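Observations on the three-dimensional arrangement
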Amino acid sequence: MRIAAVGCGHGELDTIYAAAKASERATKVPIDAVVICGDFEAIRNASDLEQVAGPKKFRKMGDFHKYYSGKTTAPYLTIVIGGNHECSSYFMELYHGGWLAPNIYFLGYAGVVQLGSLRIAGVSGIYAPEHFLQGRFEHPPYTGSSDIHSVYCTRQHELIQLTQLSSAIDLFLSHDWPRNILAHADRDAAAAVYAAKPTFVPQVLNGMLGSPALEHLLMHLRPTQWLAGHMHVRVETRVAHHDNRFIAPETADLTHFTHLPPPPLSYMLPGGPDNFGDADPVPGVDASTTSFVGISKCVKNREFLELVDFPNHRAGPLRYDCDWLAIMAATHADLRFDSAAVAVDDLDWSDLAKRIAVCRESIADSNLEIPTNAFAMTAPGYNPKEPAAVTEKRRAAVYVNPQTVAIRNLLGLQR
């Protein structure tokens, strides 16, 4: 199976698909799916455009609205997560995941699916300590200085959910990088990153580059392959896991991450050791090694497509993951909708595991293939002649997505 991966999409779907087709012509190897690691920009209309987080001078309609309205169709199955420059009004309609357009699937704010035999997990957004412990309090219109910059941030609730995964993950997608990932890069790779992004050096020294929540997931889940975007620079590293045990959830500090070991301070310094970290020097990836690639953004007339092969896997229908559905069902009652910063430090992990097991039993016999015809337009498509007054009124509109209703009905969830 071959996956074509993009770091940040920034609304450039036409360019991404053209690059994928060019790759197929050049390599004679078909691409089974495209994955986009955030900043996808699912902008349907002018109202959505005004609710994209980011400077107004960089806002543009992009290509997605053509795929949403049906004017064109994605030539590849495309799986996406969210970043920090998104139209959150649409993503929040599909908090649990769903089809953004025909053949374009949003993994949700956290999610796991199976593509044939390949198990794909991911988390949207970035880590911001001031929002990490809050509930999902935001609501349309996402135009205020607070809501528009908090709604895309990862929450502790999603981290707790992903920490409950216990079987192997083949591919993990994130927008942000795991904190300290460069500690596992060799000197040349790290030096190239610092040369391209000199502002990273003080962030690394202060432990501020990347997400500690993702660092926890990297060490806990140990996926075979991890792909990320956000930083607009490419780096490839390997993370060697020195034992075969997951981090026991009850021993993990999912608020301050004190259970994670500090990296060697020398790894970010020019002229440091030839190998900063513990990357496996043996070619190939084994069960105890995670291959990490931070991918640059999509830019026309520049190489940005990352081709990732999974020779032991075969493509097939996109399916819900039974374990993930059970986790969603067992944890949904804990999803908060207030803005208070409340840490979950006293979670009964044993009780949660039992609840997940009960939910898994009730789901096991369900048809888990994700219906390809489930997409339905909720908000209107793009109309370049739309009056400003109509755009203004539509900002506060709340759309109930039938896909979200369907997944909640499947799992018996409230709200």
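What you see is a predicted model, and the numbers here were worked out from it, not measured in a lab. (Residues numbered from 1 in each chain as written. Predicted model: local features only at pLDDT ≥ 70, side-chain atom pairs only at ≥ 80, totals over all residues. Heavy atoms only, no water.)

**Some thoughts on the environment of Pro387**
On the secondary structure map, Pro387 appears in the loop between α12 (349–363) and α13 (388–394). Sequence spacing of Pro387 and His96 is 291 residues, and the spatial spacing of their C-alpha atoms is 33 Å. (Helix = DSSP H or I, 4+ residues; strand = E, 2+ residues; numbered from the N terminus.)

**Description of the packing of helix α7 (residues 156–163) against helix α11 (residues 322–331)**
Geometry of a packed helix pair, given as the angle between the helix axes and the separation of the axes. Taken N-terminus to C-terminus, the directions of α7 and α11 make an angle of 135 degrees; their axes are 10 Å apart at the nearest point. Relative to α11, the element α7 is oriented oblique. Here α7 runs over α11; the crossing is right-handed. Contact residues: α7 offers His157, Gln161 and Leu162, while α11 offers Trp324, Ile327, Met328 and Thr331. Of the residues assigned to the contact of α7 with α11, the class counts are 4 nonpolar, 3 polar and no charged. (Axes fitted to C-alpha atoms, helices over the stretch in contact; angles between N-to-C directions. Parallel < 35°, antiparallel > 145°, perpendicular 65-115°, else oblique. Left-handed = near helix turned anticlockwise from the far one by under 90°. Contact = heavy atoms within 4.5 Å. Nonpolar A, V, L, I, M, F, W, Y, C, P; charged D, E, K, R; others polar.)

**Here's the deal with the sheet that holds strand β4 (residues 98–101)**
Taken together, the 6 strands give an open sheet; going across it, the order is β4-β5-β3-β2-β1-β12, and neighbouring strands pair in mixed fashion. In this open sheet, the two edge strands, each paired with only one partner strand, are β4 and β12 (306–309). On average, adjacent strands in this sheet sit at an angle of 30 degrees to one another, irrespective of strand direction. Pairing of strand β2 (residues 33–37) with strand β3 (residues 78–81) involves 4 bridges; the strand directions are parallel. Bridged to Ile36 within β3 is Val80. Strands in contact with helix α1 (residues 13–27) are β1 (2–6), β2, β3, β5 (104–106) and β12; relative to β2, the strand with the most contacts, it is inclined by about 135 degrees. (Pairing = 2+ DSSP bridges.)

**A look at the sheet that holds strand β7 (residues 118–123)**
Reading across the sheet, the 7 strands line up as β10-β11-β9-β8-β7-β6-β13 and stay open at both edges, with mixed pairing between neighbours. On the outer flanks of this sheet lie β10 (235–240) and β13 (318–320), each paired with one strand and no other. Averaged over all pairs of adjacent strands, the angle between their axes in this sheet comes to 25 degrees, without regard to strand direction. Pairing of β10 with strand β11 (residues 289–294), which is carried by 6 bridges, proceeds in the antiparallel orientation. When the sheet's bridge partners are listed, Thr237 is paired in β11 with Phe292.

**Regarding the pattern of salt bridges**
Two side chains that carry opposite charge are able to pair once their charged atoms sit near each other. All told, the structure shown has 17 salt bridges when counted by the stated rule. The salt bridge partner of Arg234 is Glu236, with a shortest N-O separation of 3.0 Å. Measuring nitrogen to oxygen at the nearest pair gives 3.1 Å for the salt bridge that ties Asp351 to Arg355. A residue pair is termed a helical-turn pair when its members lie 3 or 4 positions apart in one helix, as Asp351 and Arg355 do in helix α12 at 4 residues. A residue is classified by how much of its surface remains accessible, and Arg355, at 28% relative accessible area, is partly exposed. Among the ionic contacts, a cluster of salt bridges with common partners joins Arg119, Asp321, Asp323 and Arg360. (Salt bridge = Lys/Arg side-chain N within 4 Å of Asp/Glu carboxyl O. Buried < 20%, exposed > 50% of the residue type's maximum accessible area, 1.4 Å probe, protein only.)

**Things to note about unusual backbone geometry**
That bond from Pro140 to Pro141 is cis: its omega, -5 degrees, falls within 30 degrees of zero. As for its position among the elements, Pro141 is in the loop between α5 (129–132) and α6 (147–150). The phi dihedral of Asp39 is positive, around 50 degrees, even though this residue is not glycine. Its location among the elements puts Asp39 in the loop between β2 and α2 (46–49). Judged by relative accessible area, which is 2%, Asp39 ranks as buried.

**Comments concerning the packing of aromatic side chains**
This model, assessed by the stated rule, comprises 17 aromatic pairs. Seen in terms of ring centroids, Phe64 and Tyr90 are 6.3 Å apart; in terms of plane orientation they differ by 50 degrees. Their pairing is tilted. With Phe64 in helix α3 (residues 64–69) and Tyr90 in helix α4 (residues 88–91), this residue pair connects regions lying 26 residues apart in the sequence. Across the pair, exposure class does not vary: Phe64 and Tyr90 are buried alike. Here Tyr127 and Phe257 contribute two aromatic rings whose centre-to-centre distance is 6.3 Å and whose plane-to-plane angle is 75 degrees, an arrangement assigned as edge-to-face. Of this pair, Tyr127 sits in the loop between β7 and α5 while Phe257 is found in the loop between β10 and β11, placing the two residues 130 residues apart along the sequence. (Phe/Tyr/Trp six-rings, centres within 6.5 Å; stacked < 30°, edge-to-face > 60°.)

**Some thoughts on the nonpolar core**
If you look at the biggest cluster of nonpolar residues, it comprises 120 residues, and the most contacted ones within it are Phe40, Phe64, Leu100, Ile104 and Leu227. It is α11 that contributes the most residues to this core, 8 residues altogether. Among all residues touching Phe64, those that are not within four sequence positions of it are Gly11, Leu13, Phe40, Glu41, Ala42, Ile43, Arg44, Tyr90, Leu100, Ala101 and Ile104. Of all hydrophobic cores here, the second largest spans 6 residues; its members include Ile126, Ala128, Ile148 and Tyr152. (Core = buried A, V, L, I, M, F, W, Y, C linked by side-chain atoms within 4.5 Å.)

**Things to note about the environment of Gly62**
With respect to the secondary-structure elements, Gly62 resides in the loop between α2 and α3. Here Gly62 falls in the partly exposed class, since its relative accessible area comes to 23%. The sequence separation of Gly62 and Phe40 amounts to 22 residues, and the corresponding C-alpha distance is 9.9 Å.

**A few points about the side chain of Gln134**
Mapped onto the elements, Gln134 comes out in the loop between α5 and α6. Since its relative accessible area comes to 13%, Gln134 is described here as buried. A polar contact is formed between the side chain of Gln134 and the side chain of His131, at a distance of 2.8 Å. Here the side chain of Gln134 touches Ser339 through a polar contact of 2.9 Å, landing on its backbone oxygen. Discounting chain neighbours no more than four positions away, the residues touching Gln134 are Arg155, Arg336, Asp338, Ser339, Ala340 and Ala341. (Polar contact = N/O pair within 3.5 Å; in protein donor to acceptor, adjacent residues only side chain to side chain.)

**With respect to the pairing of β2**
β2 sits mainly inside the fold: 5 of its 5 residues count as buried. A two-sided burial pattern is seen for β2, the buried positions comprising Ala33, Val35 and Cys37 on one face and Val34 and Ile36 on the other. Where β1 meets β2, 4 bridges bridge the pair, whose relative direction is parallel. Paired with Ala5 across the two strands is Val35, which belongs to β2. Read as a crossover between parallel neighbours, the route from β1 over α1 to β2 is right-handed. (Right-handed = clockwise from strand over helix to strand, strands pointing away.)

Fair warning: the whole summary comes from geometry, so function is off the table for now.
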